[in-house]
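Coordinate analysis (summary)
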Amino acid sequence: MDNKFVTSLPAQAAARCIIETARQQGLLDYPVAVSNELAEAEKTLIVKMFQQMDEHIKRNGEELTPDEISSLFTFVFAKAAEAVTNMFNHKEQQFDLAGMFDGRIPIYADDSITAEFKNSKFPFLCAQNYLDFTGVQAGHLAGTDPLLLLFEALKWCFRLSCHYAVTVVENHRHLS
């Protein structure tokens, strides 16, 4: 099996767009929380999302609406809350894909994370900044796989949302 890897400056720029959004929201004011379990959860989620995306494209065509893109960012934000909750509760990571494209996303997470996440503008700002990035950079992005860009941004949204959820849990523990 021959895997062909390429470097993608546009994908790197899409990731930076999300990282900068997190920085502006104060999420990078302290070291980013990471764990092997959350990395595995990310892999599981992204693979399932790619499969769901393939089905969505077959039914609706390749063009995603801004509302669908916004829903995807909110979706990974909610799934990060679930992943962190499952990690702390030592539960298996299973991701329900309901709401991925329509914004009606059920969330099964710790109450403290859910309360904090409901007040956060992070997923909305990620989507807005990503859409602005792809609009402004459209000429430079010609020929780039749009799903590669989108999923790179979604991965970073998930990672930084997990970091946010971990800090919520840690802060809640210190207050208890």
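For clarity, every value in this text was computed on a predicted model and none was experimentally measured.

Attention now goes to the pattern of salt bridges. A side chain with one charge may pair with a side chain of the opposite charge, provided their charged atoms come close. Per the stated rule, a full pass over the model turns up six salt bridges. Glu42 is the partner of Arg159 in a salt bridge, and the nearest nitrogen-oxygen pair spans 2.7 Å. Highlighted residues: Arg159 in helix α7 (residues 146-175) and Glu42 in helix α2 (residues 36-60), separated in sequence by 117 residues. Glu82 is the partner of Lys79 in a salt bridge, and the nearest nitrogen-oxygen pair spans 3.0 Å. A residue pair is termed a helical-turn pair when its members lie 3 or 4 positions apart in one helix, as Lys79 and Glu82 do in helix α3 (residues 66-88) at three residues. Owing to a relative accessible area of 3%, Glu82 belongs among the buried residues under this scheme.

In this section: α2. The terminal C-alpha atoms of α2 lie 35 Å apart, and with 25 residues this matches the ideal 36 Å at 1.5 Å per residue to within 8%. Taken residue by residue, α2 has Leu38, Ala41, Glu42, Leu45, Ile46, Met49, Met53, His56 and Ile57 as its buried positions. Remark: Gly61 follows α2 within two positions and exhibits a positive phi of approximately 90°.

Moving on: the packing of α2 against α3. The contact between α2 and α3 brings their axes to 11 Å, and the two run at 145°. You can see that α2 and α3 cross each other, and the crossing is right-handed. Residues Glu37, Leu38, Ala41, Leu45, Met49, Met53 and His56 of α2 form the contact with α3, whose participating residues are Glu68, Leu72, Phe75, Val76, Lys79, Ala83, Val84, Asn86 and Met87. Its residues placed into classes, the contact of α2 with α3 shows 11 nonpolar, two polar and three charged.

One non-glycine residue with positive phi stands out, namely His90, at about 55°. Looking at the element boundaries, His90 is found in the loop between α3 and α4 (111-118). Look at His90 and you get exposed, because its relative accessible area is 74%.

Next up on the list: the environment of Ala22. Structurally, the position occupied by Ala22 is in helix α1 (residues 9-24). On the basis of relative accessible area, Ala22 is assigned to the buried category, the value being 0%. With 103 residues separating them along the chain, Ala22 and Leu125 place their C-alpha atoms 9.0 Å apart. With residues near it in sequence (within four places) discarded, Ala22 still touches Leu27, Leu28, Phe122 and Leu160.

Before going further, it helps to examine the nonpolar core. Grouped together as the largest cluster of nonpolar side chains are 56 residues, with contacts concentrated most on Met49 and Phe73. Broken down by secondary-structure element, the contributors of at least two residues to this core are α1, α2, α3, α4, α5 (122-136) and α7. Aside from chain neighbours lying at most four places away, what touches Met49 is Leu72, Phe75, Val76, Leu97, Met100, Phe151 and Leu154.

The next thing to look at is the packing of aromatic side chains. For the coordinates displayed, the defined rule picks out seven aromatic pairs. Aromatic side chains Phe73 and Tyr130 sit 5.7 Å apart centroid to centroid with 45° between the ring planes, which places their arrangement in the tilted category. Remark: Tyr130 occurs in helix α5 and Phe73 occurs in helix α3; sequence separation between them is 57 residues. The pair formed by Phe73 and Tyr130 is uniform in burial state, with each residue classed as buried. Site record: aromatic cluster; members linked through ring pairs are Phe77, Phe117, Phe122 and Tyr164. For Arg159, the ring lying beneath its charged end belongs to Trp156, and the centroid distance is 4.6 Å.

On to α5. Under the 1.5 Å per step criterion, the end-to-end length of α5 is 21 Å for 15 residues, consistent within 8% with the ideal 21 Å. Among all positions of α5, only Phe122, Pro123, Leu125, Cys126, Ala127, Tyr130 and Phe133 are buried.

How each quantity is defined
Residues numbered from 1 in each chain as written. Predicted model: local features only at pLDDT ≥ 70, side-chain atom pairs only at ≥ 80, totals over all residues. Heavy atoms only, no water. Salt bridge = Lys/Arg side-chain N within 4 Å of Asp/Glu carboxyl O. Helix = DSSP H or I, 4+ residues; strand = E, 2+ residues; numbered from the N terminus. Buried < 20%, exposed > 50% of the residue type's maximum accessible area, 1.4 Å probe, protein only. Expected span 1.5 Å × (residues − 1). Axes fitted to C-alpha atoms, helices over the stretch in contact; angles between N-to-C directions. Left-handed = near helix turned anticlockwise from the far one by under 90°. Contact = heavy atoms within 4.5 Å. Nonpolar A, V, L, I, M, F, W, Y, C, P; charged D, E, K, R; others polar. Core = buried A, V, L, I, M, F, W, Y, C linked by side-chain atoms within 4.5 Å. Phe/Tyr/Trp six-rings, centres within 6.5 Å; stacked < 30°, edge-to-face > 60°. Lys NZ or Arg CZ within 6 Å of the ring centre and 35° of its normal.

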